[in-house]
Amino acid sequence: MKTGLKMNDEFFRSLDSSILPVEQAETLPPECYTDDDFFELEKEALFNHEWLCVGRESWVENPGDYFTTEIIGEPLVISRTRKNEIKAMSSVCQHRAMLVAEGRGNTRGFVCPYHHWVYGLDGSLINAPETQTTCNFNKADVRLPELKVEVWLGFIFVNFDMDAPPLAPRLTEVEKVLKPYDLENTEGPHPEKAQHLPWNWKVMFENNNDGYHASRLHQGPLHDFVPSEKAVFPELPEDTAGYFRTNGSLHKDAAFNATQKALFPVFPGLTDDDRMQMVFANIPPTLSLVMTSDMIIYLIVRAETAETHYMDTGVLFAKGTMSDPSYSHKLAMTMAAAEEIMEQDQHVDELVQIGLRSRFAIRGRYSWQEGAQSQLNGWLVPRYQATWKKMNKNG
């Protein structure tokens, strides 16, 4: 949506007010959520150079396994090679731009269905039929474009920037609070089909870690045991690549289901104190985690346009949980509650996006319970400003 935003030095200086202490800060300008030109800058500021979560390592457990995904309009394929390496590549055939892979599965290689060009699991071109007479053409020079890959706590991250610094060193503090959940060794089903949602990715991301709305929007027996006033927003290093909040609960092993208690085995690494709280962690701009004593919900947010995104929703449990004969029944009970909560969230997210388009939308003020929004702004704004300065200098 074009809003007539004038991106200039003054606009980007005005973003300073969004990274003040939460008691003084104001929200980002509405145009940051609606404007096409701002989204183009955002792609360069964030998505072209930051680490983007695309899935779980378990999705490509065996050689030949692959899955496809898409972010900022770029179709990707993630595979595990015969050398046991995880590769992330464009799925665009280097012949006539047909996609060489769809969905997920196990394969010996990727065959373009249009003209049967064949690529290996590592993206190398193996065969290009009837190109013997094509001038100055060498198969060895052609391959699917590759992205940088890093695996963190079992999540696969990719980066379009092959020179990007590693992710893990900037997640040390976040990793400390996640360590008792032993994320690398969890298990869970492959997510259902991704949702396509008509609002800006940041609206989703802000909601995922918003302590302020929890006792209000979700008021009732499925959420009252995790009250907003028990939210805590720890101070994190300035160069952190993620942030989190802890939220105390009114009883041990609180969980989002009708019993309000854990239904699945509790993660064995949790202390008694850990079991009296939930953890909400975000690794912008793609991964959100909701951690309870017995279950982790992960949300992979994949921006598409200024006002749309995709989201993959998955769950993780302690090893062995899925072998319980009653697992599917417990999961159905849990997901019924989780889906009710998520439907409430998504209803307001859609209405927020409508409000952001209004001439009456302003830069609002924060409650202390919105500390996570301040943390996100602290990650976003310096990147926006640095990119604008770089683009303006080069222009």
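Check the entry above for the structure.
As the structure is a computational prediction, the values presented were derived from the model and not from experiment.

Chemist: Account for the side chain of N209, with residues named and values stated.
Modeler: Locating N209 in the fold gives a position in the loop between α4 (201–208) and α5 (214–217). Side-chain polar atoms of N209 contact the side chain of R245, separated by 3.0 Å. Contact partners of N209, with chain neighbours within four places excluded, come to Y243, F244, R245, F280, N282, A372 and Q373.

Chemist: Any chance you could break down the sheet that holds strand β5 (residues 104–106) for me, citing the residues and the numbers?
Modeler: Pairing is antiparallel in the open sheet, where 7 strands are placed in the order β1-β10-β9-β4-β3-β2-β5. Strands with a single pairing partner mark the edges of an open sheet, and in this sheet they are β1 (52–56) and β5. Mean inter-strand twist for the sheet, computed between neighbouring axes without regard to direction, equals 30°. Of the pairings in the sheet, the one linking strand β2 (residues 65–71) to β5 comprises 3 bridges and is antiparallel in character.

Chemist: So, the packing of aromatic side chains: which residues are in play, and what are the values?
Modeler: The tally for this structure, following the rule as stated, stands at 16 aromatic pairs. Seen in terms of ring centroids, Y181 and F267 are 5.6 Å apart; in terms of plane orientation they differ by 70°. Their pairing is edge-to-face. Of this pair, Y181 sits in the loop between α3 (172–178) and β11 (195–197) while F267 sits in the loop between β13 (243–248) and β14 (277–283), and the two are 86 residues apart along the sequence. Residue Y181 is classed as buried on the basis of its relative accessible area of 2%. On the numbers, 5.8 Å between centres and 70° between planes, the contact of W201 with F205 is edge-to-face. Of the two residues, W201 and F205 both sit in helix α4, 4 residues apart, roughly one turn of that helix. Take W201: its relative accessible area is 0%, and that puts it in the buried class. Ring pairs connect the aromatic residues F11, F12, F38, Y384 and W388, which therefore count as one cluster. The ring of F155 is capped by R56, whose NZ or CZ atom sits 4.4 Å from the centre of that ring. The ring of Y33 has K202 sitting right over it, with the charged end atom 5.0 Å from the ring centre.

Chemist: Which residues make up the sheet that holds strand β16 (residues 296–305), and what are the values?
Modeler: Across the sheet, 7 strands lie side by side as β11-β17-β16-β15-β14-β13-β12; this open sheet has antiparallel pairing. Of all strands in the sheet, those bounded by a partner on one side alone are β11 and β12 (231–232). For β16 and strand β17 (residues 308–316), the ladder comprises 9 bridges, and the chain directions are antiparallel. In the sheet register, T305 faces β17, and the bridge partner there is T308. Taken strand by strand, α4 contacts β11, β13, β14, β15 (287–291), β16 and β17, and its axis lies near 160° from that of β16.

Chemist: If you had to explain the environment of P221 to someone new, which residues and values would you point to?
Modeler: Along the polypeptide, P221 turns up in the loop between α5 and β12. The spacing of P221 and F256 is 35 residues in sequence and 9.2 Å in space, taken between C-alpha atoms.

Chemist: Can you lay out unusual backbone geometry for me, pointing to particular residues and giving the numbers?
Modeler: When glycine is set aside, most residues are seen to have a negative phi, and most peptide bonds are trans. Between P284 and the following residue, P285, the backbone shows a cis peptide bond with an omega angle of 10°. Position of P285 relative to the elements: it lies in the loop between β14 and β15. Despite not being glycine, A97 has its phi angle at roughly 70°, a positive value. Here A97 lies in the loop between β4 (86–90) and β5. In this model, Q260 sits at a positive phi of 65°, which is unusual for a non-glycine residue. Inspection of the secondary structure puts Q260 in the loop between β13 and β14.

Chemist: Tell me about the packing of α4 against helix α6 (residues 327–356), and name the residues and values.
Modeler: For the pair α4 and α6, the least separation of the axes is 10 Å and the interaxial angle reads 135°. On the basis of their axis angle, the class for α4 and α6 is oblique. α4 and α6 meet at a crossing whose hand is right-handed. Across the interface between the two elements, V203, M204 and N207 of α4 pack against D345, D349, V352, Q353 and L356 of α6. For the contact of α4 with α6, a count of residues per class yields 4 nonpolar, 2 polar and 2 charged.

Chemist: With reference to specific residues and values, describe the pairing of β2.
Modeler: In terms of burial, β2 is a largely internal element, 5 of the 7 residues being buried. Summarising the sheet, β2 and strand β3 (residues 74–80) pair through 6 bridges and their orientation is antiparallel. Bridge pairing in β3 places E70 opposite P75. Adjacent in sequence and paired antiparallel, β2 and β3 are bridged by 2 residues, among which I72 carries a positive phi angle near 40°.

Parameters and conventions
- Residues numbered from 1 in each chain as written.
- Predicted model: local features only at pLDDT ≥ 70, side-chain atom pairs only at ≥ 80, totals over all residues.
- Heavy atoms only, no water.
- Helix = DSSP H or I, 4+ residues; strand = E, 2+ residues; numbered from the N terminus.
- Polar contact = N/O pair within 3.5 Å; in protein donor to acceptor, adjacent residues only side chain to side chain.
- Contact = heavy atoms within 4.5 Å.
- Pairing = 2+ DSSP bridges.
- Axes fitted to C-alpha atoms, helices over the stretch in contact; angles between N-to-C directions.
- Phe/Tyr/Trp six-rings, centres within 6.5 Å; stacked < 30°, edge-to-face > 60°.
- Buried < 20%, exposed > 50% of the residue type's maximum accessible area, 1.4 Å probe, protein only.
- Lys NZ or Arg CZ within 6 Å of the ring centre and 35° of its normal.
- Parallel < 35°, antiparallel > 145°, perpendicular 65-115°, else oblique.
- Left-handed = near helix turned anticlockwise from the far one by under 90°.
- Nonpolar A, V, L, I, M, F, W, Y, C, P; charged D, E, K, R; others polar.

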